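Coordinates in review
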Protein chains: 2
Amino acid sequence: MTALATEYLSQLGGRVEAIEAAADTILAQVGIRFDDDPQTLELWHAQGARVVDTTVFLDGAQLREIIRATSPTQFTLVARDKTQDCIVGRDHPPIFAPVYGPPDVLLRDGQRTPGSRQLYRELVAMADACDAMRNTGHMLCVLNDVPEHDRPAEMAQAHLDVSTKPFMGTMMSPSAALDVIDLTRAATSRELQSDNAACHLLHLVNSTPPLTYGANPLKCLRAVAEKGEGCLVTSFMMLGATGPASVAGALAQGYAECLAGLALAQLWRPGTPVVMGLYATQFSMRSMLPWFGDPLSQTVQFHAVKLARHLGVPVRGDGGLTSSCVDDAQAGSEGSRATSAAIVAGCDFILHSAGWLESGRCVSITKFEREAAALSAELASFRQPSINT
Amino acid sequence: MTALATEYLSQLGGRVEAIEAAADTILAQVGIRFDDDPQTLELWHAQGARVVDTTVFLDGAQLREIIRATSPTQFTLVARDKTQDCIVGRDHPPIFAPVYGPPDVLLRDGQRTPGSRQLYRELVAMADACDAMRNTGHMLCVLNDVPEHDRPAEMAQAHLDVSTKPFMGTMMSPSAALDVIDLTRAATSRELQSDNAACHLLHLVNSTPPLTYGANPLKCLRAVAEKGEGCLVTSFMMLGATGPASVAGALAQGYAECLAGLALAQLWRPGTPVVMGLYATQFSMRSMLPWFGDPLSQTVQFHAVKLARHLGVPVRGDGGLTSSCVDDAQAGSEGSRATSAAIVAGCDFILHSAGWLESGRCVSITKFEREAAALSAELASFRQPSINT
């Protein structure tokens, strides 16, 4: 696959089109695996794709056509407070959202503790207090003291209680996702205008690189899209592990995965608000662990934005990423590099932009506060009189 | 002045040309002051400029013409070891140089000590050991234990003894600058080809914002240019103190200052290798001190590169800047943001890229090492197969 991508790049002079062409070859010759979800396979079959077992061989040009035909180039995230509505898409300042997923919390006194219901509410309040963080995200820490089944509703309720900003939906299961959508819509109690691209919640639909989608993301994607809510379709690769070691190869693979997911969203319901995410981080063959904050990730970030712009959909960025275990110079340097790259590249929705620590296994309160303050300064710099050239 | 710049920007839609036009108005209506250097005033008079006392009213279009006619768009920095020669200019990876100017050194054990001859040699050795740092700079710390008069030769000798890479010249006085040039050329013992833009040393020629050049920089600029060595002409402003508070205004003022200095270099000797530097940092009205690492500086950095590209000269970047007093998360975050902006903006020669601490009053050994390692990772990312779009 890497060889294919490199070959195309050398032939075609290294433009966005070269990545697209390499992705098309991957889609046609290697295909994408869709695990344990017959409905998705049937849909692809109905679109004329060749399906062998759970692998589907796809036509990249056709996917781009499907996506471009109905994906909104920008859409509104509807907040409980109308003044907190925000638009996702180019020509609008980036929307920052906090870290997503850490099981543990690093407290101000340096003590490390499992995430809890109470800490979750405090983290949401911190995100709400930061003017630059216009989306309070999802799963700012894991609710270890709440039964797993109850967590999605608990989290959604925390966002609705503590903040009036938009936030993100759950991916625990299709039914949980639908419950949270209903809960959020009821609390928001504003009708969306049907002629305007808008939704309440973004849902993080991750592929499972290389070239696979798991059953649960596929089922959630369908449920969420049919309900008219947003999907953040992302390929998040580890260079040399779940993706090629080279930037060009990773871009080709990740773009192929994104095309498949983004097209599914439009096929299930034309007009579904989508955001494309394509990111790759280093993987250490020595420790068998990923590491975060390397400049190669910046390069991937920049080219991902170009691919998404060429496709015509809003694009995700990744801020604040670091492998450091404390909020030290390494955490500051790596995290700031990632955030700067996402901003400068022109990302529309920047996830993990505050609090991320220890390769994402921990949310640091001090790093969260430090980054929240820095993001406000960033946003202020966007408000200087325009001197774009 | 700020009002003028803002007016132009709003009229002309905010392009590079608008900054140029605002700078031209400043040059024509406010003029530039050249202190205590009759030869420079005579030169401007001979060029047809109106000279009132020490203020010269200049024609921006004429200055650009002078600069574009003879400034090399790229040039070679000649090293003692031929394999360490490097090219300054677009389409070449950035050249990183270490911090310039700090009186004190923060040692590994946290002890703070005045810079010394011995520490200087250790710092140069560290710069030499970093593959990304292709220029070992100048005044990595002040030689407090060496009589002031002897410092330029001591520093040059340290660079020649400990490293074979190119470094920077002194600005202590014209005669000191010439002595160091002679010393360096003798040690390098390679004849430069006259048909190829090349020099051994870059010299940091700073304006004194707002809109002034001091006598010593003017005299050094002349001496160095006439000798065929390089000049890094820089306007380094404090927003709201020595420059306008707005980005647009600062760009206009800084560009006006740069035009004057760059044109002088070409007038004293057509073909003088030059680099343009235009940077601005925040100034706190409360503490009456500058602070470093704010995102506004990034914005200035990006537009400075566009102005320099439009002028056709290589451009300086500023990396690693921070106000933090220890190498903590703040130092990591602010420094990395500055370095990332300089790299992504496309700067050709990036000063202060390792070691800078405490608003430049101190060089930190740990920050130097940390940043040197990060710069090598940055350089490696430039060596990935090209996928520029």
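Residues numbered from 1 in each chain as written. Chains lettered and ligands numbered in written order. Predicted model: local features only at pLDDT ≥ 70, side-chain atom pairs only at ≥ 80, totals over all residues.

Right, let's talk about the overall build of chain A for a bit. Along its length, chain A carries 12 helices and 19 strands. Computed over its C-alpha atoms, the radius of gyration of chain A comes to 20 Å, within 12% of the 21 Å expected for a compact globule of 389 residues. By principal-axis analysis of the C-alpha atoms, chain A measures approximately 55 × 45 × 45 Å. For chain A, buried positions account for 57% of its 389 residues. Pairs at least 24 residues apart make up 73% of the contacts formed inside chain A by residues separated by at least 6 positions. (Helix = DSSP H or I, 4+ residues; strand = E, 2+ residues; numbered from the N terminus. Rg over C-alpha atoms; globule rule 2.2 N^0.38 Å. Buried ≥ 20, exposed ≤ 12 C-beta atoms within 10 Å, placed from the backbone. Contact = placed C-beta atoms within 7 Å.)

Residues and elements named next belong to chain A. With 93% of its residues at a pLDDT of at least 70, chain A reaches an overall mean of 92. Below a pLDDT of 50 lies the segment residues 1–13, which in the model reaches 33 contacts outside its immediate sequence neighbourhood of four places, other chains included. Every residue in residues 385–389 scores below 50 in pLDDT, and together they form 14 contacts with partners more than four places removed in sequence or on other chains. (pLDDT = per-residue confidence, 0-100.)

Take the pairing of strand S11 (residues 201–206) of chain A next. Residues in a regular strand point their side chains to alternate faces of the sheet. All names here are of chain A. Among the six residues that make up S11, five are buried, leaving the element largely enclosed by the rest of the structure. Pairing between strand S9 (residues 167–168) and S11: two bridges, direction parallel. Residue pairing in the sheet places Phe167 in a bridge with Leu201 of S11. As paired strands, S11 and strand S13 (residues 230–239) are joined by five bridges and run parallel to one another. Each residue of the ladder has a partner; that of Leu202, found in S13, is Gly230. (Pairing = 2+ DSSP bridges.)

The next thing to look at is helix H8 (residues 215–226) of chain B. Residue and element names in this part refer to chain B. End to end, H8 covers 17 Å across 12 residues, agreeing with the expected 16 Å (1.5 Å per residue, within 8%). Buried within H8 we find Pro217, Leu218, Cys220, Leu221, Arg222, Val224 and Ala225. Phi turns positive one or two residues past the end of H8, at Gly228, with a value near 85°. (Expected span 1.5 Å × (residues − 1).)

All names here are of chain A. Spatially, the three strands line up as an open sheet ordered S6-S17-S16, and their pairing is parallel. The open sheet has two edge strands, strand S6 (95–96) and strand S16 (316–318), and neither has a second partner. Judged from the two bridges that link them, S6 and strand S17 (residues 349–351) form a sheet pairing that is parallel. Its bridge partner being in S17, Phe96 is matched across the sheet by Ile350.

Attention now moves to the sheet that holds strand S7 (residues 104–106) of chain A. Residue and element names in this part refer to chain A. With respect to topology, four strands assemble into an open sheet ordered S8-S7-S19-S18, the strand pairing being mixed. Two strands close off the open sheet at either side, each with one partner strand: strand S8 (112–114) and strand S18 (356–357). Across three bridges, the pairing between S7 and S8 is antiparallel. Bridging across to S8, Val105 finds its partner in Thr113.

For the rest of this paragraph, the subject is the environment of A:Phe167. All names here are of chain A. On the secondary structure map, Phe167 appears in strand S9. Phe167 gets classed as buried once you count the C-beta atoms within 10 Å, which come to 28. Residues within four places of Phe167 in sequence aside, it is in contact with Asn135, Thr136, Gly137, His138, His159 and Leu201.

Turning our eyes to something else, we now look at unusual backbone geometry. Glycine aside, residues mostly have negative phi, and peptide bonds are mostly found in the trans state. The residue after A:Pro209, namely A:Pro210, is reached through a cis peptide bond having omega 5°. Relative to the helices and strands, A:Pro210 is located in the loop between S11 and strand S12 (212–213). With phi around 60°, B:His352 is a residue other than glycine that occupies positive phi space.

Residues and elements named next belong to chain B. Within the secondary structure, Ser116 is located in the loop between strand S8 (112–114) and helix H5 (117–129). Counting along the chain gives 221 residues from Ser116 to Arg337, while the straight-line C-alpha distance between them is 30 Å. Leaving out residues up to four positions away in the same chain, Ser116 has contacts with Leu143, Asn144 and Asp145.

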